[in-house]
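Examination of the molecular architecture
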Amino acid sequence: MKKLFITVSLILAIGMNCYSQNEVEPENKLTYSCDQIVKQNFEEGTITLTGNVNLKTSVFEFENADKIVLSKKTKEIFVIGGYKVYLNGGTITQKSTSEKKWLRYKIGESVAYVE
């Protein structure tokens with residue numbers, strides 16, 4: 001009986017240890033890549049990415065944008081030039097040769113605005 005109790009306890013302890021080792025991904029994790037410049041303006045609280053910019057979070061993904069500006073103060077993302085956006089299962093596309101409009105997305109919302 002004692003061996004059974006020790007064996008069961010050991011199995012439970014190993015199982016709980018394995019479970020607690022799982023890494024939890026933060027929900028607002030942001031990854032990006034760009035071909036040209038990453039410029040940070042501390043006074044305005046912005047980060048500007050230029051040249052074939054890709055930006056991804058758990059909610060949305062921007063691909064092949066000419067320029068992306070992230071505003072930490074307003075928690076908004078501005079996508080300028082040609083781009084492809086995946087947001088809530090939908091896709092928004094604008095070619096670089098189109099009339100220059102920009103897309104505004106407020107982090108946490110499920111709507112993006114083309115202005």
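Up top you'll find the structure we're talking about.
Note that the structure is a prediction, hence the values are computed from the model and not measured.

Right, let's talk about the pairing of strand E2 (residues 38-41) for a bit. Bridge count for E2 against strand E3 (residues 46-56) is 4 bridges, and the pairing is antiparallel. Residue Asn 41 lies in a different strand from E3, and its bridge partner there is Thr 46. Adjacent in sequence and paired antiparallel, E2 and E3 are bridged by 4 residues, among which Gly 45 carries a positive phi angle near 70 degrees.

Before going further, it helps to spend a moment on the environment of Ser 33. Take Ser 33: it is sitting in strand E1 (residues 31-33). Judged by its relative accessible area of 35%, Ser 33 is partly exposed. Residues Ser 33 and Asn 52 lie 19 residues apart in sequence; the distance between their C-alpha atoms is 8.1 Å. When sequence neighbours within four positions are dropped, the list of residues in contact with Ser 33 reads Asn 52, Val 53 and Asn 54.

Definitions and cut-offs
Residues numbered from 1 in each chain as written. Predicted model: local features only at pLDDT ≥ 70, side-chain atom pairs only at ≥ 80, totals over all residues. Heavy atoms only, no water. Pairing = 2+ DSSP bridges. Helix = DSSP H or I, 4+ residues; strand = E, 2+ residues; numbered from the N terminus. Buried < 20%, exposed > 50% of the residue type's maximum accessible area, 1.4 Å probe, protein only. Contact = heavy atoms within 4.5 Å.

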